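Chain residues, written in single-letter form:
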Amino acid sequence: MTLRGRLTTAFLVVVLGPVLLGSIFVALTVTTVNRDRTAERLDRAATTVRTSVSAACRQLQTAADAVAVVPESDRAAVAGQLIARGLATGIDIGAPETTGPSCSANGRGALTAASVVGDTTIAASQTVDGMFLDRLSAASRTRVTLTGPNETGQTRRVAPEPGQPLPLTITVPTNRPTFLYAVLPALVLAAALAAVLVARWLARTTTRPLGDLAWAADRVADGDLDTRVPIPRPDELGRLAATFNRMTRELQAYVQALTASRDQLRGHLAILGETLSSTHDLQRILQVILRTALAATGARAGLVLLIDPVSGQLVPQCGVGLAGTWDLPDADLPKQRLPVGEGVLGGVAASGESRRGRGELATAEPPCLSYVAVPIRAPADAEDGPGTLGVLALYDRVGGDCFDDADLSTLRTFAGQAGVAVHNVRMHEEAQRLSLTDPLTGLWNYRYLRESLRREVERASRFGRMFTVLVLDLDHFKDVNDTYGHAAGDAVLSEFARRIRIGLREVDVAFRQGGEEFVVLLPETDAYGGAIVAERLGAAVRDRPVPIDPLRPDDMLIPVTVSIGVAVFPEHGAAAPQVLAAADAALYAAKRAGRDTYRLAEAADVTNSRVSPTVHEGNLDPQTAVPTGPRPPGHRHGR
């Protein structure tokens, strides 16, 4: 059955049901009322008939008593007068076999009342004929007859009783409301016809907009988002049509926004792929990954943190849209630190499990209304296994809704890309470090030395600064190898490199140039500062012999000394090779001077030199190699 048929049937049931029930109720009510009224009428008529018959009996008794009280000679005359007055139809003086003064009905159809005076019985009688019954009928407003077998209509039998000896039947004509019974079916039929017409009209007007909605929904399902439904009336169906039209407009706008977002996401992914394949700049890669994740999930803000291998804390690398104390440039973000295991971000880093929710962040974390955070893991094929490298977190999805499972899955994808990028960059940095460092001592190698000197020359030339180069060579190192073996020689070189690192500033750089020869670069340092560093390094080697076995340092100690050549840019050369060559020449001068000392290179142009002549003219104690002249005014090395 169609919706129109169901609505029509429902309306007919709702309308015709009460009409039919009402008509039946009216008919039953009318019948009941008629029956009750007839019974009530019969009850009143029976009472009236009993009262009238009792009155007739009392009248007959009065007539008999009136005749009995007069003299015997006047009794006939009085009886005649009473009969004439209609008090009785007959008075019998001296009636035989009379039992007493009671009213009774004799077999001749008459009422009789008797009065006894001495031996004489006086009986007054009233003939029960048609006139008598008519009087009873007039008094009771019913039809009163003697009881018979052929009575019709509504009847009530009045049985003989004391004071009323007649067996009577009271009949009330049957009163059937024929007009009402004829009108009720006509009204029901008329109501049914009107209900059918109204039901069809309502069903048609109701289902037509629904049919239009179904047609429009099919068109929208086929992709035609320009379909609109006419609004017939401002009722519920009209509001439904208006809501459908608004829904299709919003859906059309959403599809357009989704298409634009998809195109934007494709562009971000293309940029991400190009960035991953074209650069090893970790900050740039993480920034692109973060912005792509923000565009893909609709988040307002985001943050990328990596675990510092040294401190074991989470260090922010880049952020977008952060609020509060986290609203900082990317250069200042690393100043913020989060312990692993504390708060939401620390918990994600410690457990390696993703989390999302509302308002559960620690006070040290970025403020937000909602968040989603996933761990950044190394690839499964990494040498150390898929360990946690950091955390990728997004905050406050645009629109106010919490992040859902789809956002969590998307963010895990970007976190996986970030993990691969971080691992690749670190592997690249490690490979680069290995290619630029000496495997035995851990110092930078000769290749990195040339690059560092070139950059430092460019920087010092641009800003009008100076720097110092120290060339160090272990004295008689060949004898160490020949006497104690190459393993002992390697131990001496490693220990010497360690002592060099300890004696330098963070900005100073140490290199192994080859064999037992080392180079130290001292930025922002003049000749006087270089001399102090040279003396300190020489003392650090001279004063403590090197143990062959670090676990048993007292078994065998190897005394070692070092010769050092010092050169300053730009006094001793305008280019890196010249400065390095000047320092190397000063080294050989120190060796010729007896070793275990240092020498300052001769200035290439003394007129441009900012070094005190007392230094490079050799005003040094040959035993201590400490400058004995006044401190030069250009000293910069604060040691």
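Rules of the game
Residues numbered from 1 in each chain as written. Predicted model: local features only at pLDDT ≥ 70, side-chain atom pairs only at ≥ 80, totals over all residues. Heavy atoms only, no water. Helix = DSSP H or I, 4+ residues; strand = E, 2+ residues; numbered from the N terminus. Buried < 20%, exposed > 50% of the residue type's maximum accessible area, 1.4 Å probe, protein only. Contact = heavy atoms within 4.5 Å. Areas by Shrake-Rupley, 256 points an atom, 1.4 Å probe, with all protein chains shown as cover. Pairing = 2+ DSSP bridges. Axes fitted to C-alpha atoms, helices over the stretch in contact; angles between N-to-C directions. Salt bridge = Lys/Arg side-chain N within 4 Å of Asp/Glu carboxyl O. Polar contact = N/O pair within 3.5 Å; in protein donor to acceptor, adjacent residues only side chain to side chain. Arc of directions from axis to C-beta. Patch = residues over 30% accessible without salt bridge, like charges linked within 9 Å, V, L, I, M, F, W, Y side chains within 5 Å. pLDDT = per-residue confidence, 0-100. Disulfide = S-S within 2.5 Å. Phe/Tyr/Trp six-rings, centres within 6.5 Å; stacked < 30°, edge-to-face > 60°. Expected span 1.5 Å × (residues − 1).

Student: I tried to follow the overall build of the protein on my own but got confused; where do I start?
Tutor: Each helix and strand counted, the protein has 14 helices and 20 strands in total. When burial is assessed residue by residue, the protein has 41% of its 639 residues classed as buried. Pairs at least 24 apart in sequence give 61% of the contacts found in the protein among residues at least 6 apart. When the accessible surface of the protein is summed, it comes to about 34,000 Å², and 56% of that surface belongs to carbon and sulfur atoms.

Student: What is the right way to read the sheet that holds strand S20 (residues 598–600) from this model?
Tutor: Strand pairs in the sheet, formed through backbone hydrogen bonds, run parallel or antiparallel to each other. The 5 strands lie next to each other as S15-S16-S14-S19-S20, forming an open sheet whose pairing is mixed. With one partner strand each, in any of the chains shown, strand S15 (509–514) and S20 form the two edges of the open sheet. Recorded for the sheet is a direction-independent mean angle of 20 degrees between the axes of neighbouring strands. Sheet analysis places S15 next to strand S16 (residues 517–523), joined by 5 bridges and oriented antiparallel. Paired with Arg 512 across the two strands is Phe 518, which belongs to S16. Contacting strand S14 (467–474), S16, strand S19 (562–569) and S20, helix H12 (residues 527–542) crosses the sheet at an angle of about 165 degrees to S19. Along the sheet face, helix H13 (residues 576–592) touches S14, S15, S16, S19 and S20 and points at about 145 degrees away from the line of S19.

Student: How should I be thinking about the pattern of salt bridges in this particular structure?
Tutor: Pairs can form between side chains of opposite charge once their charged atoms are near each other. All chains considered together, the criterion is met by 25 salt bridges. Ionic pairing is found between Asp 43 and Arg 156, a salt bridge with its closest N-O pair at 2.5 Å. Of the two residues, Asp 43 sits in helix H1 (residues 3–69) while Arg 156 sits in strand S6 (residues 154–158), which places them 113 residues apart along the sequence. A relative accessible area of 29% places Arg 156 in the partly exposed class. Asp 396 serves as the salt-bridge partner of Arg 300, at 2.5 Å between the closest nitrogen and oxygen. Of the two residues, Arg 300 sits in strand S8 (residues 299–307) while Asp 396 sits in strand S13 (residues 388–397), which places them 96 residues apart along the sequence. Salt bridges here are not isolated pairs; linked through shared partners, they connect Glu 451, Arg 454, Arg 455 and Glu 458.

Student: Explain the side chain of His 572 to me, please; I cannot follow it from the model alone.
Tutor: Relative to the helices and strands, His 572 is located in the loop between S19 and H13. At a separation of 2.6 Å, a polar atom in the side chain of His 572 contacts the main-chain amide nitrogen of Val 568.

Student: Mind showing me how you'd approach the sheet that holds strand S11 (residues 355–358) here?
Tutor: Spatially, the 6 strands line up as an open sheet ordered S10-S9-S8-S13-S12-S11, and their pairing is antiparallel. Strands with a single pairing partner mark the edges of an open sheet, and in this sheet they are strand S10 (338–339) and S11. Both S8 and strand S9 (residues 313–320) contribute to a ladder of 6 bridges, which runs antiparallel. Across the sheet, the residue bridging to Ile 307 is Leu 314, located in S9. On the sheet, helix H8 (residues 405–436) packs against S8, S11, strand S12 (370–377) and S13 and is oriented at approximately 35 degrees with respect to S12.

Student: Please explain helix H3 (residues 130–140) as it appears in this structure.
Tutor: Note on helix geometry: an α-helix contains 3.6 residues per turn, so any two residues three or four positions apart are oriented the same way. Within H3 the residues assigned to the buried category are Phe 132, Leu 133, Leu 136, Ser 137 and Ser 140. The buried residues of H3 occupy one face: seen down the axis, they fall within an arc of 140 degrees. Among the exposed residues of H3, those oriented more than 90 degrees off its buried face are Met 131, Asp 134 and Ala 138. Phi turns positive one or two residues past the end of H3, at Arg 141, with a value near 60 degrees.

Student: How do you make sense of the environment of Arg 200 when you look at a structure like this?
Tutor: The residue Arg 200 is located in helix H4 (residues 178–221) in this model. When the C-alpha atoms of Arg 200 and Gly 5 are compared, they prove to be 8.6 Å apart, with 195 residues separating the residues in sequence.

Student: Help me out: how do you make sense of a nonpolar patch on the surface in this one?
Tutor: A cluster of nonpolar residues, Leu 251, Tyr 254, Val 255 and Leu 258, forms a patch on the protein surface that exposes about 350 Å² of accessible area. Along the chain, Tyr 254 falls in helix H5 (residues 236–278). A relative accessible area of 51% places Tyr 254 in the exposed class.

Student: Mind showing me how you'd approach the confidence of the model for the protein here?
Tutor: As a note on interpretation, predicted positions should not be read in detail where pLDDT is low. On average, residues of the protein carry a pLDDT of 81, and 85% of them reach 70 or more. The low-confidence segment residues 605–639, where pLDDT is below 50, has 66 contacts with residues more than four positions distant or belonging to other chains.

Student: Help me understand the side chain of Glu 517, please; the structure alone is not making it clear to me.
Tutor: You can see Glu 517 is positioned in strand S16. Leaving out residues up to four positions away in the same chain, Glu 517 has contacts with Val 471, Leu 472, Asp 473, Arg 512, Asp 584 and Leu 587.

Student: Help me understand the state of the cysteines, please; the structure alone is not making it clear to me.
Tutor: Two cysteines form a disulfide when their sulfur atoms are joined by a covalent bond. Counted according to the given criterion, the structure contains 1 disulfide. There is a disulfide in this structure between Cys 57 and Cys 103, and the S-S distance comes to 2.2 Å. What sets the handedness of the Cys 57 and Cys 103 disulfide is the S-S torsion sign, and at about -60 degrees it is left-handed. Of this pair, Cys 57 sits in helix H1 while Cys 103 sits in the loop between strand S1 (90–93) and strand S2 (104–105), placing them 46 residues apart in sequence. Given a relative accessible area of 6%, Cys 57 falls into the buried group.

Student: Explain the packing of aromatic side chains to me, please; I cannot follow it from the model alone.
Tutor: Within a pair of aromatic rings, the relevant descriptors are the distance that separates the centres and the angle that separates the planes. If you walk through the whole model with that rule in mind, you get 4 aromatic pairs. The interplanar angle of 45 degrees and the centroid separation of 6.2 Å between the aromatic rings of Tyr 448 and Phe 511 together place this pair among those described as tilted. On the criterion of sequence distance, the pair formed by Tyr 448 in helix H9 (residues 446–463) and Phe 511 in strand S15 is long-range, its members being 63 residues apart. The exposure class assigned to Phe 511 is buried, which follows from its relative accessible area of 0%. Each member of the aromatic cluster is reached from another via a ring pair, and the members are Trp 444, Tyr 448 and Phe 511.

Student: Help me out: how do you make sense of unusual backbone geometry in this one?
Tutor: Apart from glycine, the bulk of residues carry a negative phi angle, and the bulk of peptide bonds sit in the trans form. Omega for the peptide link from Phe 569 to Pro 570 comes to 10 degrees, which places this bond in the cis form. Backbone geometry at His 476 places phi at a positive 55 degrees, although glycine is not the residue there. Following the sequence through the fold, His 476 ends up in the loop between S14 and helix H10 (477–484).

Student: Please clarify how H8 should be interpreted in this entry.
Tutor: The end-to-end C-alpha separation of H8 is 46 Å, in line with the 46 Å expected for 32 residues at 1.5 Å each. Of the residues that open H8, the one with a side-chain oxygen 3.2 Å from the backbone nitrogen of Ala 406 is Asp 404.

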